[in-house]
Amino acid sequence: MVDYVSIAAGEPVARNGSIKLYGSDGFEGMRRAGLLAAETLDALAPHVVPGVSTQELDDFVRRFTLDRGGIPATLNYRGYTHSCCISINHVVCHGIPSEKKLKDGDIVNIDVTPIIDGWHGDSSRMYLVGDVPIKAKKLVDITYECLMLGIAQAKPGNRLGDVSSAIQSHAERHRYGVVRDFCGHGLGRVFHDAPEVVHVGRPGTGPELRPGMFFTIEPMINIGRADVKVLEDGWTAVTRDRSLSAQFEHSIGITEDGCEIFTKSPTGRDAPPYA
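What comes next concerns the included structure. Treat the numbers as computed from the prediction; the structure is a model and nothing was measured. Sequence positions are assigned chain by chain, starting from 1 and proceeding in written order. Per-residue local features of the predicted model are confined to residues with pLDDT of at least 70, and side-chain atom pairs are confined, for both listing and counting, to 80 or more; whole-chain, interface and lining totals are unaffected and use all residues. Only hydrogens and water are set aside; all other atoms, that is, all heavy atoms of the structure, feed into the side-chain values.

Considering the sheet that holds strand 7 (residues 114–116)
A pair of strands is labelled paired if DSSP reports no fewer than 2 bridges between them. The way it works is that DSSP assigns letters per residue, a run of H or I at least four long becomes a helix, a run of E at least two long becomes a strand, and they are numbered from the N terminus. Reading across from one edge, 3-7-8 is the order of the three strands in this open sheet, with antiparallel pairing throughout. The open sheet is flanked by strand 3 (71–72) and strand 8 (119–120), the only strands paired with a single partner. Judged from the two bridges that link them, strand 3 and strand 7 form a sheet pairing that is antiparallel. Directly across from I71, in strand 7, lies its bridge partner I115.

Spelled out as structure tokens, the structure:
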């Protein structure tokens, strides 16, 4: 049985398996954190070019976040020593920044989570590096469509299975694989919280969506099979068949009549091209 708990303003929050229902203060906090996440991803766009190293991009994220009063949630999180995750081509998620330089034709996911006043704004976007092949562009486009179709199902009375099914159906209609090994998650005062938001499922199943729920939707879609493996570094997840993978992520809150996207770009640049 699903346990829902209403959280009062200022009340301490622990990761205990319950689904938290936040009030107006939570929405205000998440708007601030989500806006910084979106502004960070907007500001990155002109820097994601051939020849730049992923470490340089990580340094940019750290400076941008700190300069605006935030803290990168991933910095020193469970031993992770970087301010974002950068996943290139067949890397599904949790790619570690390094001296590796981007090349013409790469597709790149950058995932940021700034903390503002204790609230977490979690979001990721795909970037196209130089001249990207048509099949890679199509994967990126369809992955963004999957995200938005899932978000369209995020409203009171629906269930998480409605969100999952919308994503799975659209991806598989294009013969893409939907990653099962990683999922979206609740967030707010806690970085990773209940519920788990899987991206495959059946309509009418899973926890009911109620006003005040905060969670991410972050489908990872592969051109090939859905299977992934985690490399020896313990973080980097890649497609087993080395096929391209793409991901988009928004943090949302369920409202009385739908949902609010906390991490929406203030300049409308939620998906490429970002010119």
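Re the pattern of salt bridges
Where charged atoms from two side chains of opposite charge come close, those side chains can pair. Think of a salt bridge as a Lys or Arg side-chain nitrogen and an Asp or Glu carboxyl oxygen that are within 4 Å of each other. Under the definition given, this model contains twelve salt bridges. Between R62 and D58 there is a salt bridge, with the nearest N and O atoms lying 3.8 Å from each other. Pair noted here: R62 and D58 are both in helix 2 (residues 54–67), with a separation of four residues, about one helical turn. The buried label goes to any residue with under 20% of its type's maximum accessible area, the exposed label to any with over 50%, and the partly exposed label to all in between, with areas taken from a 1.4 Å probe on protein chains only. For R62, a relative accessible area of 26% corresponds to the partly exposed category. Here D59 ties to R62 by a salt bridge, and the two come within 3.1 Å at their closest N and O atoms. Linking D59 with R62, this pair stays in helix 2, spanning three residues, or about one helical turn. Members of the salt-bridge network, linked through shared partners, are E28, R31 and E260.

Quick look at the nonpolar core
Soluble globular proteins tend to bury their nonpolar side chains together. Core analysis: the largest hydrophobic core is formed by 66 residues, its most contacted members being L44, I110, F215 and I217. Ignoring anything within four residues of it in the chain, the contact list for I217 reads L147, G150, I151, V163, I167, V197, H199, F248, E249, H250 and I252. Only buried residues count toward a nonpolar core, which is a set of Ala, Val, Leu, Ile, Met, Phe, Trp, Tyr and Cys residues joined through side-chain atoms within 4.5 Å. Contacts are assigned to residue pairs with any non-hydrogen atoms lying within 4.5 Å of each other.

Things to note about the environment of G184
With respect to the helices, strands and loops of the structure, G184 is situated in strand 11 (residues 184–186). Taking the C-alpha atoms as reference points, G184 and M213, separated by 29 residues in sequence, lie 13 Å from one another. Setting aside chain neighbours within four positions, we find G184 in contact with P195, E196, V197, H199, T216 and E218.

Thoughts on the sheet that holds strand 14 (residues 220–222)
One open sheet holds the three strands; their spatial order is 10-14-17, and the pairing between them is antiparallel. Every interior strand has two partners, whereas the edge strands, strand 10 (177–178) and strand 17 (245–247), have only one. Inspection of the sheet shows strand 10 paired to strand 14 by two bridges, in the antiparallel sense. Counted as the bridge partner of G177 is N222 from strand 14. Convention adopted: a line fitted to C-alpha atoms gives each axis, helices being fitted over their contacting stretch, and angles between N-to-C directions are expressed from 0 to 180 degrees. Strands strand 14 and strand 17 of the sheet are contacted by helix 3 (residues 134–152), whose axis makes an angle of about 35° with strand 17.

Describing the packing of helix 3 against helix 4 (residues 160–173)
Viewed as axis vectors pointing N to C, helix 3 and helix 4 meet at an angle of 155°, and their least axial separation amounts to 8 Å. With respect to their mutual orientation, helix 3 and helix 4 come out roughly antiparallel. Crossing of helix 3 over helix 4 shows right-handed handedness. Together, I142, E145, C146, L149 and G150 of helix 3 and V163, A166, I167, H170 and A171 of helix 4 make up the contact between the two elements. Amino acids outside the nonpolar list (Ala, Val, Leu, Ile, Met, Phe, Trp, Tyr, Cys, Pro) and the charged list (Asp, Glu, Lys, Arg) are all regarded as polar, and Gly is one of them. A per-class count over the contact of helix 3 with helix 4 returns seven nonpolar, two polar and one charged. In this scheme, roughly parallel covers angles under 35 degrees and roughly antiparallel covers those over 145, while 65 to 115 is roughly perpendicular and the rest are oblique. For a crossing to be left-handed, the near helix must be turned anticlockwise from the far one by less than a right angle; the clockwise case is right-handed.

Observations regarding the side chain of Q55
Within the secondary structure, Q55 sits in helix 2. In this structure, Q55 is in contact with H82, P97, S98 and E99, ignoring residues within four places of it in sequence.

Functional significance is not addressed by these values, which are geometric in nature.
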